[in-house]
Structure formats: C-alpha cells, structure tokens
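Residue-level listing of the chains:
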Amino acid sequence: NAGVTQTPKFQVLKTGQSMTLQCAQDMNHEYMSWYRQDPGMGLRLIHYSVGAGITDQGEVPNGYNVSRSTTEDFPLRLLSAAPSQTSVYFCASREGAYYGYTFGSGTRLTVV
Amino acid sequence: EDQVTQSPEALRLQEGESSSLNCSYTVSGLRGLFWYRQDPGKGPEFLFTLYSAGEEKEKERLKATLTKKESFLHITAPKPEDSATYLCAVLPQGGSEKLVFGKGTKLTVNP
C-alpha cells in the first residue's frame, strides 16, 4: 500500500515550458486535491476532484489544468510555466467526508 | 471570506514543558477542522479531525479540542521528536472540498 505517490520529486523548467506533475493513489479514495506551498503563504488549493470525471477550481487555479479520468490518477498540468509557479506542490487524497487527507511527499518545482 | 489564523508562529519549549497551540477560524459554517504535522521536506501528516464544539481527540502526547471559534492543540510533556510545524485547516459547509489552511506553528522542543 503505497499511499499517495507524486512524481517527479524535483523539476527545473524554463519559462514558457509545459509539464505534467503526476499523482497516483492506491487507496481507492474519491476525493483528490492539489496544493502549492510557498514560504509565508501556507498551503493553497489549486484544483480538486470529488470523483472520476469531476473537477473544480480552488483558490489559485490560474495557469494549471487538471483532469480525472480514473479514480487512481489526478495529474496537474502547467500550461506555460512562469517563475511565479516556483513552489512545492502537494497532491492529497481522502476516502470521504469524515476522513482527513493523506498527502504525498511533494514535487519541488523551480521555474527559471 | 473563510480564514484560519494560527498562533504563535513559532514556539520553543524545553523537553517536558507542556503548552498549547491555537487555531482560530472564521467560516460561514464548519464541516470539519483538521490538524496536521509537517516535518521539513515532507508532506503534511494527518493527526486529527474535529467536527463539533466540545469535541476532543487524543494521540500520544497530543490532544486537540474544538470550540465554536477556535481549536487548541495541547502538547503534554513534549519530546524533541515532537519538533515540527503543526498545521490547522478548516473545511467550510457546502459541497466543495475547499480546505483552508493556516500558516502553521513551528514547534521546536529542546532536549
């Protein structure tokens, strides 16, 4: 039981490049979310999903896309990377309404 | 706007010196309040969920309590391994999963 797996762990992008951050969970959780964590800002919600085929925006969605074609996977796509997207990204999942989120170990992204 | 404020920002304790961390929140309605622990370079680790005023949860040296406007995380006789950043988050009423986090309290326990 691996929990929430994020890849890659580290990534450096040039401004304007696109990429996909991968997130997979093997716990059959319905709810999944993406957060970014920046110094002094705390964790901020980017996008979330309450089941396969259902996604919605969080607090800071601009510049990011998501889709949820399966229960297990919830990739985050950066369309055209900007230095302001330099951050640590966390994916999380939870079983349902009365459970806490389980977080992955994070992806540290630097945009130069 | 839903908000979560944690205090203090940082706290230094001696081993065995008990204390409390505060999480105050303003939401239109509370569906749940969550406490997490985060070690450097790692993702947050879930500790507790609280749902209604008066509720308490315990785990080893940690005890979380909830009132209508705030939650406390009490740490009894802390050890150096309790050093971490403790995060509080609230889930407002409604059908969304828009969890709102505070900025955390960085706890250091000296031996």
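Residues numbered from 1 in each chain as written. Chains lettered and ligands numbered in written order. Predicted model: local features only at pLDDT ≥ 70, side-chain atom pairs only at ≥ 80, totals over all residues. Heavy atoms only, no water.

1. Let's talk about the pairing of strand S8 (residues 70-75) of chain B
Regular strands place side chains that alternate from one sheet face to the opposite one. Residues and elements named next belong to chain B. Only one face of S8 is buried: it carries Ser71, Leu73 and Ile75, and the other face, with Glu70, Phe72 and His74, is open. As defined by bridge partners, strand S7 (residues 62-66) adjoins S8 across five bridges and the pair is classed as antiparallel. Of the residues in S8, the one forming a bridge with Ala64 is Leu73. Where S7 folds back onto S8 in an antiparallel hairpin, the turn is made up of three residues. (Buried < 20%, exposed > 50% of the residue type's maximum accessible area, 1.4 Å probe, protein only. Helix = DSSP H or I, 4+ residues; strand = E, 2+ residues; numbered from the N terminus. Pairing = 2+ DSSP bridges.)

2. Some remarks on the sheet that holds strand S3 (residues 19-25) of chain A
Residues and elements named next belong to chain A. Pairing in this open sheet of four strands is antiparallel, and the strands run S1-S3-S8-S7 from one edge to the other. The outermost strands of the open sheet, each flanked by one partner alone, are strand S1 (4-7) and strand S7 (64-66). Pairs of neighbouring strands in the sheet enclose a mean axial angle of 20 degrees, with direction left out of account. (Axes fitted to C-alpha atoms, helices over the stretch in contact; angles between N-to-C directions.)

3. Concerning the nonpolar core
Within the largest apolar cluster, 24 residues are counted, with the highest numbers of intra-cluster contacts made by Tyr25, Leu33, Trp35, Leu73 and Tyr86 of chain B. Listing elements by their share of this core, those giving two or more residues are strand S2 (10-14), strand S3 (19-26), strand S4 (30-38), strand S5 (45-50), S7, S8, strand S9 (84-92) and strand S11 (105-110) of chain B. The element that contributes the greatest number of residues to this core is S9 of chain B, accounting for four residues. If you look at the next biggest cluster of nonpolar residues, it comprises 19 residues, including Val60, Leu78, Tyr89 and Cys91 of chain A. (Core = buried A, V, L, I, M, F, W, Y, C linked by side-chain atoms within 4.5 Å.)

4. What about the state of the cysteines?
As enumerated under the stated definition, the model contains two disulfides over all chains in all. Through a disulfide, Cys23 of chain A is tied to Cys91 of chain A; the S-S separation comes to 1.9 Å. Given an S-S torsion of about -70 degrees, the disulfide between Cys23 of chain A and Cys91 of chain A has left-handed geometry. Taken together, the positions of Cys23 of chain A in strand S3 and Cys91 of chain A in strand S9 (residues 87-94) put the pair 68 residues apart, joining distant regions of the chain. Overall, the relative accessible area of 2% leaves Cys23 of chain A in the buried class. Looking at Cys91 of chain A, the relative accessible area reads 0%, which means it is buried. Between the sulfur of Cys23 of chain B and that of Cys88 of chain B lies a disulfide, 1.9 Å long from S to S. Because the torsion about its S-S bond is -60 degrees, the bridge between Cys23 of chain B and Cys88 of chain B counts as left-handed. Taken together, the residues span a long stretch of sequence, with Cys23 of chain B in strand S3 and Cys88 of chain B in strand S9 at a distance of 65 residues. No difference in accessibility class separates Cys23 of chain B from Cys88 of chain B, as the two residues are buried. (Disulfide = S-S within 2.5 Å.)

5. With respect to the interface of chain A and chain B
Taken residue by residue, the interface counts 22 residues in chain A and 20 residues in chain B. Across the chain A/chain B interface, buried area totals approximately 1600 Å², and carbon plus sulfur atoms make up 56% of it. The largest per-residue losses of area from chain A upon contact with chain B belong to Leu43, Tyr101 and Phe103 of chain A, which jointly make up 29% of the total buried on that side. Run the count over chain A and chain B and you get one salt bridge. Of the charged contacts, one joins Glu97 of chain B and Arg94 of chain A as a salt bridge, the two residues approaching to 2.8 Å between their closest N and O atoms. Counting the contacts that link chain A with chain B gives five residue pairs in polar contact (both at pLDDT 80 or more). At the level of elements, strand S4 (31-38), strand S5 (42-51) and S9 of chain A are the ones that each hand at least two residues to the side of chain A that touches chain B. (Contact = heavy atoms within 4.5 Å. Buried area = accessible area lost by both parts, 1.4 Å probe. Salt bridge = Lys/Arg side-chain N within 4 Å of Asp/Glu carboxyl O. Polar contact = N/O pair within 3.5 Å; in protein donor to acceptor, adjacent residues only side chain to side chain.)

6. Structural notes on the environment of Arg61 of chain B
Residue and element names in this part refer to chain B. In this fold, Arg61 is placed in the loop between strand S6 (56-59) and S7. Along the chain, Arg61 and Ser18 lie 43 residues apart, while their C-alpha atoms are 9.4 Å from each other. Among all residues touching Arg61, those that are not within four sequence positions of it are His74, Ile75, Thr76, Ala77, Pro78, Lys79, Glu81 and Asp82. Within the local environment of Arg61, its side chain forms a polar contact with the side chain of Asp82, the two groups lying 2.8 Å apart.

7. Considering unusual backbone geometry
Along the chain, Thr7 of chain A connects to Pro8 of chain A via a cis peptide bond; the corresponding omega equals -5 degrees. Cis geometry is adopted by the peptide bond preceding Pro8 of chain B, which originates at Ser7 of chain B and carries an omega value of -10 degrees. Position of Pro8 of chain B among the secondary structure elements: in the loop between strand S1 (3-7) and S2. Positive phi is not limited to glycine here, since Glu60 of chain B has a value of about 55 degrees. When you line up the elements, Glu60 of chain B lands in the loop between S6 and S7.

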